[in-house]
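Read off the chains here:
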Amino acid sequence: MDQELLRIVRDCKARSHPAFNTLFTRFYQVLLGVAMRYMADRDEAKDVVQDSFIKIFRSINSFSEGNSIEGWMKRIVQNTA
């Protein structure tokens, strides 16, 4: 994980709202693409991504920094879909 992304994750763990916004902005389109693979309707896929980000923000402290944050978030989207 690059240093900037690691800082964002650590800030999210500290409940920094700007860091949450940065994470959301950085990965929204990627995660929407994942959700679109599972959902037939774009609006439903957007709902899945929204629900997934809520789960991500609530469970960010369980994320192990040695892993891929993108892979971890994609798995949450897959499970939510």
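Residues numbered from 1 in each chain as written. Predicted model: local features only at pLDDT ≥ 70, side-chain atom pairs only at ≥ 80, totals over all residues. Heavy atoms only, no water.

Peer 1: Tell me about the packing of aromatic side chains, residues and numbers included.
Peer 2: Under the defined criterion, the tally for this structure stands at 5 aromatic pairs. Their ring planes at 35° and their centres at 5.6 Å tell us that Phe-53 and Phe-57 sit as a pair that is tilted. On the criterion of helical spacing, the pair formed by Phe-53 and Phe-57 is a turn pair, its members being 4 residues apart in helix 3 (residues 42-59). Residue Phe-53 is classed as buried on the basis of its relative accessible area, which comes to 1%. Ring geometry for Phe-63 versus Trp-72: centroids 5.3 Å apart, planes at 50°, classification tilted. Each member of the pair, Phe-63 together with Trp-72, is buried. Three or more aromatic residues joined by ring pairs form one cluster here, namely Phe-20, Phe-24, Tyr-28, Phe-53 and Phe-57. (Phe/Tyr/Trp six-rings, centres within 6.5 Å; stacked < 30°, edge-to-face > 60°. Helix = DSSP H or I, 4+ residues; strand = E, 2+ residues; numbered from the N terminus. Buried < 20%, exposed > 50% of the residue type's maximum accessible area, 1.4 Å probe, protein only.)

Peer 1: A description of the pattern of salt bridges should follow, citing residues and the corresponding values.
Peer 2: Overall, the coordinates contain 5 salt bridges when judged by the stated rule. We note a salt bridge from Lys-13 to Glu-65, for which the minimum N-O separation is 3.6 Å. Placement of the pair is Lys-13 in helix 1 (residues 3-13) and Glu-65 in the loop between helix 3 and helix 4 (69-80), with a sequence separation of 52 residues. A residue is classified by how much of its surface remains accessible, and Glu-65, at 26% relative accessible area, is partly exposed. Across the salt bridge formed by Glu-70 and Lys-74, the nearest N and O atoms sit 3.2 Å from each other. Here Lys-74 and Glu-70 lie together in helix 4, a separation of 4 residues that amounts to about one turn. Taking the relative accessible area as the measure of exposure, Glu-70 reaches 28% and is therefore partly exposed. The exposure class of Lys-74 is partly exposed, given its relative accessible area of 28%. Here the salt bridges share partners, and the residues they tie into one network are Arg-10, Lys-13 and Glu-65. (Salt bridge = Lys/Arg side-chain N within 4 Å of Asp/Glu carboxyl O.)

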